[in-house]
Amino acid sequence: MKYYHFLVALFTTVMLFIPSCDPNYTGFWYIENQLDEDIIVTRSDSTEIHNVHIKAGDKGCIFQYTSMGSASFFDFEFSFSNPYKPDTLVILNMKLDTLFRLHPENQQDLLNKRFWDFDYWQSLIDHENRTQTLLFILENSYNE
């Protein structure tokens with residue numbers, strides 16, 4: 001019984017020190033902010049995404065999987081277009097003005113179309129660690 005409590009305490013301690021947005025340990029999605037201003041990425045119902053602050057020129061996680069391992073774009077898209085609980089990904093500036101509202105069924109602007117098209121995501125694979133990072137670049141050109 002002592003060993004069980006020790007292992008639980010050790011596991012908890014290790015999990016606290018794992019970087020929160022490191023896909024080597026978790027299954028996070030990323031967005032890279034190439035806009036000239038800092039942004040906040042959130043989800044309208046706040047289920048998986050909780051006001052992720054991404055500085056200009058930086059990248060951050062936008063979606064957290066509950067299980068360890070590689071990410072699936074289908075699962076990501078389905079979580080927004082689920083007929084039982086449709087939702088929207090919202091990108092705000094620091095004044096909380098809405099810059100973009102992204103939903104897989106919304107085809108009104110170029111950014112939205114590209115965001116939900118997996119071909120526009122960059123895949124960075126680390127063969128040594130057998131991990132994959134998925135990046136979507138939010139560029140100034142999308143404002144035009």
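The structure contained in this document is the topic of the report that follows. (Residues numbered from 1 in each chain as written. Predicted model: local features only at pLDDT ≥ 70, side-chain atom pairs only at ≥ 80, totals over all residues. Heavy atoms only, no water.)

## Some points on the pattern of salt bridges
As enumerated under the stated definition, the model contains one salt bridge in all. Taking the shortest distance from any N to any O, the salt bridge between Arg 43 and Asp 87 comes out at 2.5 Å. With Arg 43 in strand β2 (residues 39–43) and Asp 87 in the loop between α2 (73–81) and β5 (89–93), this residue pair connects regions lying 44 residues apart in the sequence. Exposure remark for Arg 43: the relative accessible area of 1% places this residue in the buried category. (Salt bridge = Lys/Arg side-chain N within 4 Å of Asp/Glu carboxyl O. Helix = DSSP H or I, 4+ residues; strand = E, 2+ residues; numbered from the N terminus. Buried < 20%, exposed > 50% of the residue type's maximum accessible area, 1.4 Å probe, protein only.)

## Considering α2
Those residues of α2 not exposed but buried are Phe 73, Phe 76, Ser 79 and Phe 80. Along the axis of α2, the buried residues cluster in a sector spanning 130°; they form a single face. Buried residues belonging to α2 abut β1 (28–33), β2, β4 (59–64), β5 and α3 (110–115). (Arc of directions from axis to C-beta. Contact = heavy atoms within 4.5 Å.)

## Structural notes on the pairing of strand β6 (residues 98–102)
With four bridges joining them, β5 and β6 adopt antiparallel strand pairing. When the sheet's bridge partners are listed, Leu 92 is paired in β6 with Thr 98. Once β5 ends, the chain turns through four residues before running back antiparallel as β6, passing Leu 96 with a positive phi of about 70°. (Pairing = 2+ DSSP bridges.)

## Overview of the sheet that holds β5
With antiparallel pairing, the four strands of this open sheet are ordered in space as β3-β2-β5-β6. Two strands in the sheet have a free side with no partner beyond their single neighbour: β3 (52–54) and β6. Taken over all neighbouring pairs, the strand axes of this sheet differ in orientation by 20° on average, direction set aside. (Axes fitted to C-alpha atoms, helices over the stretch in contact; angles between N-to-C directions.)

## Here we look at the sheet that holds β1
Read from one edge of the open sheet, four strands run β4-β1-β8-β7, paired in mixed fashion. Every interior strand has two partners, whereas the edge strands, β4 and β7 (122–126), have only one. The average angle at which neighbouring strand axes cross in this sheet is 30°, direction not considered. Lying on the sheet, α2 is in contact with β1 and β4; it crosses β4 at an angle near 70°.

Function-wise, these values are silent; they only describe arrangement.
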